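# Reading the structure
Each chain is listed here by its residues.
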Amino acid sequence: MVFQERTYAVLLVSAAQNFNSSVMNLLPMTDYWPVNTVDSVAAARRALLERSYDIVIINAPLPDDFGSRLAIDVCTDSGAAALILVKSELYNDVYSKVMEHGVFTLSKPTSSQLVEQFLKILCTTRERMRKLEEKQQSVEDKIAEIRVVNHAKWLLIQCLSMTEAEAQKYIEKQAMDARISKRQMAENVIKTYE
């Protein structure tokens, strides 16, 4: 892979040692770290509770469950990219169930080259999800700031009989004069008047 700043945490869910060895050879530490391997859905769910992963690869079926529900849950509950490998005769059925949730499906047997290509696609998908998560966090931060500022404005309106426009200008001017954010100023107002 091209030099990159980050590595991708991988959870490999498979009970087949041959498969695990083959995939591990495609996951150099320079690009994928850490790489954890578990052999059941139950163990995978425990691992997912302990830490977050960027990529989850599921070699179906597993001893305690097929694995498609796990793949769907990974994509629904986290920003991780998931790939499920299934026997070729089950491919269309599994694909139709998991694709709407964002799960990638690959039929077995497959080549190392194809798995490598899918790993790059999974990394690309993870980066896209990371950017969406950052945007969502930014929006949530802005909403939280608006709530705090509005709360402070209403305290100024109640306690100092300001209009909403005056309260807004007051918070903005005080923040600018003190060289702090509007949110910090609003929090100061709330501490003062509550």
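Residues numbered from 1 in each chain as written. Predicted model: local features only at pLDDT ≥ 70, side-chain atom pairs only at ≥ 80, totals over all residues. Heavy atoms only, no water.

### Some words on the overall build of the chain
Helix and strand counts for the chain stand at seven helices and five strands. The globule rule puts the C-alpha radius of gyration for 194 residues at 16 Å, and the 24 Å found for the chain is more than 25% above it. Viewed in the frame of its principal axes, the chain has a C-alpha envelope of about 75 × 35 × 25 Å. Contacts spanning at least 24 positions in sequence make up 60% of the contacts within the chain whose residues lie at least 6 apart. In the form shown here, the chain has an accessible surface area of approximately 11,700 Å², with 53% of it arising from carbon and sulfur atoms. Charged side chains in the chain number 23 positive and 25 negative. The centres of these two groups are separated by 3 Å. (Helix = DSSP H or I, 4+ residues; strand = E, 2+ residues; numbered from the N terminus. Rg over C-alpha atoms; globule rule 2.2 N^0.38 Å. Contact = heavy atoms within 4.5 Å. Areas by Shrake-Rupley, 256 points an atom, 1.4 Å probe, with all protein chains shown as cover. Lys, Arg positive; Asp, Glu negative; His and termini not counted. Charge placed at Lys NZ, Arg CZ, Asp CG, Glu CD.)

### Points about the sheet that holds strand β1 (residues 8–13)
As a general point, the strands of a sheet are linked pairwise by backbone hydrogen bonds and lie either parallel or antiparallel. The strand order across the open sheet formed by five strands is β2-β1-β3-β4-β5, and the pairing between neighbours is parallel. Edge positions in the sheet fall to β2 (32–38) and β5 (104–108), since each of these pairs with one other strand and no more. On average, each strand axis in the sheet is tilted by 20° relative to the strand beside it, whichever way the strands run. Taken together, the five bridges between strand β3 (residues 55–59) and strand β4 (residues 81–87) define a ladder with parallel strand orientation. Bridge pairing in β4 places Ile55 opposite Ala81. Contacts from helix α3 (residues 68–77) reach β1, β3 and β4 within the one sheet, and its direction differs from that of β4 by about 165°. Each of β4 and β5 is contacted by helix α4 (residues 91–98), which is oriented at about 170° to β5, the strand it contacts most. (Pairing = 2+ DSSP bridges. Axes fitted to C-alpha atoms, helices over the stretch in contact; angles between N-to-C directions.)

### Quick word on the pairing of β5
In terms of strand pairing, β4 meets β5 through five bridges, oriented parallel. Residue pairing in the sheet places Val86 in a bridge with Ser107 of β5.

### As for the environment of Glu194
Mapped onto the fold, Glu194 is located in the segment after α7 (182–193). As for Glu194 and Leu155, which are separated by 39 residues in sequence, their C-alpha atoms are 7.7 Å apart. Look past the residues within four positions of Glu194 in its chain and what remains in contact with it is His151 and Leu155. Among the polar contacts listed, one links the side chain of Glu194 to the side chain of His151, at a separation of 2.8 Å. (Polar contact = N/O pair within 3.5 Å; in protein donor to acceptor, adjacent residues only side chain to side chain.)

Any functional reading would require information beyond the geometric quantities listed.
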